[in-house]
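Below are the chains, spelled out letter by letter.
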Amino acid sequence: MLSQLARAVTGVEIHPGAQIGRRFFIDHGMGVVIGETSEIGDDVMMYHGVTLGGRSLQRVKRHPTVGDHVTIGTGARVLGPVTIGENASVGANAVVVKDVPAGSTAVGVPATVREQTQQPDFFADPALWI
């Protein structure tokens, strides 16, 4: 009952069985869906319209596992028992159905994995230029 009330008020649907780490942040949460067997690590940022969904109705691990320090872009769909590694990113509107290694980026439909390029630290915060 509480999860349905929260969904009605916020637009975010998180199954009570999902395991969520510390400092999990949903930016503009409308339309976010997190399935029952999802596991989310620490310091994860998720934008609006993201789905961590299953691809079967069997009583097994059927939702994604998201590592620490992951960013999941607007409208992304991560489906099935896939793993998103630590420090990885999922691009906006990507459809992820295969594992994403740590430190890489998944983009496209279906998502393909690309290595992340390291930027110098002075690009880390755009507010430095204000």
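As shown above, the structure is provided for reference.
In this text the structure is predicted, and so the values were computed from the model without any measurement.

Visitor: Run through the overall build of the chain, naming residues and quoting values.
Guide: When its secondary structure is counted, the chain shows one helix and 15 strands. A buried classification covers 35% of the 130 residues belonging to the chain. Here the chain has roughly 7900 Å² of accessible surface; of this, 57% comes from carbon and sulfur atoms.

Visitor: Residue-level account of the nonpolar core, with values.
Guide: Counting residues in each nonpolar core, the largest one holds 23 residues, and the members touching the most others are Ile34, Met46, Leu52, Ile72, Ile84 and Val96. Beyond its immediate chain neighbours, meaning those up to four positions away, Ile84 contacts Thr65, Val66, Gly67, Val70, Val78, Val90, Val96 and Val100.

Visitor: Kindly report on the sheet that holds strand E10 (residues 77-79), identifying the contributing residues and their values.
Guide: Taken in spatial order, the five strands line up as E1-E4-E7-E10-E13 in an open sheet, and their pairing is parallel. The open sheet has two edge strands, strand E1 (13-14) and strand E13 (95-96), and neither has a second partner. Relative to strand E7 (residues 51-53), strand E4 (residues 33-34) runs parallel, the two being bridged by two bridges. Each bridged residue has a counterpart across the sheet, and for Val33 the counterpart in E7 is Thr51.

Visitor: Hey, could you go over the pairing of strand E15 (residues 112-115) for me, with residue numbers and the actual values?
Guide: Where strand E14 (residues 104-107) and E15 come together, four bridges link them in antiparallel fashion. Residue pairing across strands places Thr105 opposite Arg114, the latter belonging to E15. Counting the residues in the hairpin turn of E14 and E15 gives four residues, including Gly108, whose phi is positive at 100°.

Visitor: Got a sec to walk through the side chain of Asp27? Specific residues and values, please.
Guide: With respect to the helices and strands, Asp27 occurs in strand E3 (residues 25-27). Summary of buried charges: Asp27 has no salt-bridge partner, and the nearest side chain of opposite charge, Arg77, is 15 Å away. Non-local contacts of Asp27, meaning those with residues more than four positions away in its chain, are made with Met45, Met46, Tyr47 and His48.

Visitor: Give a detailed account of the sheet that holds strand E2 (residues 19-20), specifying residues and quantitative values.
Guide: Pairing in this open sheet of four strands is parallel, and the strands run E2-E5-E8-E11 from one edge to the other. Looking along the sheet, the strands with just one partner apiece sit at the ends: E2 and strand E11 (83-84). Where E2 lies against strand E5 (residues 39-40), two bridges are found, and the strand directions are parallel. Bridging across to E5, Ile20 finds its partner in Ile40.

Cut-offs used in this document
Residues numbered from 1 in each chain as written. Predicted model: local features only at pLDDT ≥ 70, side-chain atom pairs only at ≥ 80, totals over all residues. Heavy atoms only, no water. Helix = DSSP H or I, 4+ residues; strand = E, 2+ residues; numbered from the N terminus. Buried < 20%, exposed > 50% of the residue type's maximum accessible area, 1.4 Å probe, protein only. Areas by Shrake-Rupley, 256 points an atom, 1.4 Å probe, with all protein chains shown as cover. Core = buried A, V, L, I, M, F, W, Y, C linked by side-chain atoms within 4.5 Å. Contact = heavy atoms within 4.5 Å. Pairing = 2+ DSSP bridges. Lys, Arg positive; Asp, Glu negative; His and termini not counted. Salt bridge = Lys/Arg side-chain N within 4 Å of Asp/Glu carboxyl O.

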